[in-house]
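# Observations on chain architecture
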Amino acid sequence: MFEYTYNMRYGDLKDFDTIKPSAVLDVIQDVAIRNSDQCGYTMDKMREINMAWMLQGIKVHFDEPVRSGSPLTVHTAVRNMKGITSERGTIIYQNEKPVVKAVANWFLFDGNKGRPGRIPADMAESYTMHNFEDEFFAYSKPALQDAEVIYQLRVSNKDIDTNIHLNNQKSAEMLMDALPFDFFFTDMNVYYKKAAVLGDILELCSCKTENGYYVCLQTPEKELCVAGIFEFNK
């Protein structure tokens, strides 16, 4: 497993004691990229072969809030790689205790063909697979629901990634903007359906669930872009 130590920044803080969940997503994304770099598939290499990884969904469980002050030790590895998809598991430790676990499901987009493409054998062989035995690490998308429109927003310069799409972490952060500030969730599951691009107008929608909230971003024509479930489960 790839290991990286992350030291928190001031901008990661939600308050004096805890870290924003969106900052944890940033860490998960950043360490996954570092692992790919180590395997020889840097962003420059992916650009050279005209391929890109696109996130289909991410599921995260918080054993407890991530606290400020102590660094995070992040362990990550590919769980499986087959066809066009790759599943990556991540476990975050703080003070030697596991505090977060996550599984992300990706698909490979082949820019040469303009569609998803099979993962090349040499790419798959470059990654060390790890067998995450916990059944949590098998990703399944959340159930979609009807939700009420709260407000509209526009995808701006600060929101896009290197593919000129709405960044995965930024879109999850937009979903979390619909949650009450003091709502602590233990589980989140975000599903990415359609990429939004710079300048798109989106509707932020929300509804309550039994243990939390369902939130989504959709176009004014009601086409789903991103949806997430945020729940507190004992």
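Higher on the page you've got the structure.
Figured I'd write up the structure that's included with this text. What you see as residue numbers is a count from 1 along each chain, following the sequence as written. A pLDDT threshold of at least 70 governs which residues receive local features in this predicted model, and a stricter bar of 80 or more applies before side-chain atom pairs are shown or counted, although totals over entire chains, interfaces and linings include all residues. As a convention, hydrogens and water are excluded, and side-chain values are obtained from all of the structure's heavy atoms.

### Section: the overall build of the protein chain
Runs of H or I in DSSP of at least four residues are treated as helices and runs of E of at least two as strands, each being numbered from the N terminus. A count of helices and strands for the protein chain gives four helices and eleven strands. Taking 2.2 N^0.38 as the reference for a compact globule, 234 residues should give roughly 17 Å; the C-alpha atoms of the protein chain span a radius of gyration of 17 Å, in line with that estimate. C-alpha extents for the protein chain along the principal axes are approximately 45 × 45 × 35 Å. Contact definition: two residues touch when any of their heavy atoms are within 4.5 Å. Of the contacts made within the protein chain by residues no fewer than 6 positions apart, 70% connect residues no fewer than 24 positions apart. Working definition of accessibility: Shrake-Rupley area with a 1.4 Å probe, residue cover restricted to the visible protein chains. Carbon and sulfur atoms make up 49% of the accessible area of the protein chain, which totals about 12300 Å². Separation between the mean location of the 25 positive side-chain charges and that of the 33 negative ones in the protein chain comes to 3 Å. This radius of gyration counts C-alpha atoms alone. The globule rule is 2.2 Å times how many residues there are, raised to the power 0.38. Note on charges: Lys and Arg go in the positive column, Asp and Glu in the negative column, and His and the chain ends are not counted at all. Here the site of a charge means atom NZ of a Lys, CZ of an Arg, CG of an Asp or CD of a Glu.

### With respect to the pattern of salt bridges
Here a salt bridge means any side-chain nitrogen of Lys or Arg lying within 4 Å of a carboxyl oxygen belonging to Asp or Glu. Counting across every chain of the model gives seven salt bridges. In this structure, the salt-bridge partner of Lys97 is Glu64, at a minimum N-O distance of 3.2 Å. Placement of the pair is Lys97 in strand E5 (residues 97-110) and Glu64 in the loop between strand E2 (51-62) and strand E3 (72-82), with a sequence separation of 33 residues. We call a residue buried when its accessible area falls under 20% of the maximum for its residue type, exposed when it is over 50%, and partly exposed in between, using a 1.4 Å probe and counting protein chains only. Taking relative accessible area as the criterion, Lys97 reaches 44% and is therefore assigned partly exposed.

In short, the description is geometric, and any link to function would need to be established separately.
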